[in-house]
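These are the residues of each chain, in order.
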Amino acid sequence: MEPVLPCYVVCDFSPSMTDYIGDLRAGLREFRGALHADPVAAARIRVCVIVVGPTPRVQQPLRPAAELVDLAERIPCAGTNFGPVFELLRVTIERDVNVLNGHRRPIVFFASDGRPTDPLAWPAALAALTDPAWPGNPEMIAFGVGAADRDTLTRIGTGRVFLGGVRMGAALSASVLIHAVSTSGPLARPTLSGNGDVLGEADR
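The structure displayed is predicted, hence computed values, not measured ones.

Draft legend 1. Examining helix 1 (residues 21-37) more closely. Under the 1.5 Å per step criterion, the end-to-end length of helix 1 is 25 Å for 17 residues, consistent within 8% with the ideal 24 Å. For helix 1, every residue scored as buried is listed here: Ile21, Leu24, Gly27, Leu28, Phe31, Arg32, Ala34 and Leu35. One face of helix 1 carries all of its buried residues, which in axial projection span an arc of 160°. Of the exposed residues in helix 1, those oriented more than 90 degrees away from the buried face are His36 and Ala37. Residues of helix 1 that are buried in the fold lie against strand 1 (5-12), helix 2 (39-42), strand 2 (45-52), strand 4 (107-112) and helix 6 (168-181).

Right, dumping it as structure tokens:
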């Protein structure tokens, strides 16, 4: 049996993201459509959806990609603390990979405008999540939404950063589906339409 690919999609529902919640919901629907169109890859993928609200919460626990749910339309939120999100991701990933029967390196797809309200706290939580000494450390992909803070998202997207000109669904599909069918090595560089920036390690 092929090892599965755990994928964690984090969607920022903070006040600065109010005008883009529809885009996040559409992005997940487009991703779900791409999964249905590629059942071989989809069979190897498990998806968890985490929403950044007043406190981060798991909206969909890790489950087969075909069972991906829609996002809620709105979650009241007074701020955007990234630290608790990264802490929740580490706890969730550790729990999930311990029960999977063989898995690839997890992927975190972080969709946000990159404007946290805990600027002094979140870097340490991110460092713990991406610590190479921790076996569950994920490949981090950041997707900029709206007037995104490039510097913050570049720090978060240690594997790749998408900044403008690319739909979320296309970026998510390219990142996850390519990784699901590759046999080894890091994420392949996706081919996407649009005029936005796609940054890899060589671009930093």
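Draft legend 2. View of helix 6. If you check helix 6, its first and last C-alpha atoms are 20 Å apart, about what 14 residues at 1.5 Å a residue would give, namely 20 Å. When you tally the buried positions in helix 6, you get 12 out of 14 residues, the bulk of the element. Those residues of helix 6 not exposed but buried are Met168, Gly169, Ala170, Ala171, Leu172, Ser173, Ala174, Ser175, Val176, Leu177, His179 and Ala180.

Draft legend 3. Here's a closer look at the side chain of Thr92. With respect to the helices and strands, the residue Thr92 is situated in helix 3 (residues 82-99). Each residue touching Thr92, except ones within four places of it in the same chain, is listed here: Tyr8, Cys48 and Val58.

Draft legend 4. Expanded view of the confidence of the model for the chain. Summing up the model confidence of the chain, the mean pLDDT is 84 and the portion of residues at 70 or higher is 85%. Summarising per-element confidence for the chain, the mean pLDDT is lowest in strand 7 (residues 197-199) (55) and highest in helix 4 (residues 122-129) (97). Confidence drops under pLDDT 50 across residues 183-196; counting only partners more than four residues distant or on other chains, this segment forms 32 contacts. Counting contacts from residues 200-204, a segment whose pLDDT is below 50, to residues more than four positions away or on other chains yields 14 contacts.

Draft legend 5. Summary view of the packing of aromatic side chains. If you walk through the whole model with that rule in mind, you get seven aromatic pairs. The interplanar angle of 45° and the centroid separation of 6.4 Å between the aromatic rings of Phe143 and Phe162 together place this pair among those described as tilted. A residue pair is termed long-range when its members are at least 10 positions apart, and Phe143 in strand 5 (residues 139-144) and Phe162 in strand 6 (residues 160-163) qualify at 19 residues. The class for Phe143 is buried, based on a relative accessible area of 6%. Through successive ring pairs, a cluster of aromatic residues spans Phe82, Phe86, Phe110 and Trp122. Here the basic side chain of Arg90 rests over the ring of Trp134, its NZ or CZ set 4.3 Å away from the ring centre.

Draft legend 6. Spatial organisation of the layout of surface pockets. One number sums up the size of the largest pocket: a volume of about 240 Å³. Together, 18 residues line the largest pocket, and Asp23, Phe143, Val166, Arg167 and Met168 are the ones closest to its centre. Secondary-structure elements contributing two or more residues to the lining of the largest pocket are helix 1, strand 5 and helix 6. For the lining of the largest pocket, the element with the most residues is helix 1, which contributes five residues.

Draft legend 7. Representation of the nonpolar core in the model. Ranked by internal contacts, the top residues of the largest apolar core, which has 36 residues, are Val9, Leu24, Ile45, Phe109, Met168 and Leu172. For this core, the secondary-structure elements that each account for two or more residues are strand 1, helix 1, helix 2, strand 2, strand 4, strand 5 and helix 6. With seven residues, the top contributor of residues to this core is helix 6. Not counting residues within four places of it along the chain, the set of residues in contact with Phe109 comprises Tyr8, Val9, Val10, Ile141, Phe143, Met168, Ala171 and Leu172. Judged by nonpolar contacts, the second largest core, of 24 residues, contains Val52, Phe82, Ala125 and Trp134.

Definitions and limits used
- Residues numbered from 1 in each chain as written.
- Predicted model: local features only at pLDDT ≥ 70, side-chain atom pairs only at ≥ 80, totals over all residues.
- Heavy atoms only, no water.
- Helix = DSSP H or I, 4+ residues; strand = E, 2+ residues; numbered from the N terminus.
- Expected span 1.5 Å × (residues − 1).
- Buried < 20%, exposed > 50% of the residue type's maximum accessible area, 1.4 Å probe, protein only.
- Arc of directions from axis to C-beta.
- Contact = heavy atoms within 4.5 Å.
- pLDDT = per-residue confidence, 0-100.
- Phe/Tyr/Trp six-rings, centres within 6.5 Å; stacked < 30°, edge-to-face > 60°.
- Lys NZ or Arg CZ within 6 Å of the ring centre and 35° of its normal.
- 1 Å grid on protein atoms, 1.4 Å probe; cavity = no way out; pocket = protein on both sides within 12 Å on 5 of 7 lines; lining within 4 Å.
- Points joined across faces, edges and corners; volume = space filled by probe spheres on them.
- Core = buried A, V, L, I, M, F, W, Y, C linked by side-chain atoms within 4.5 Å.

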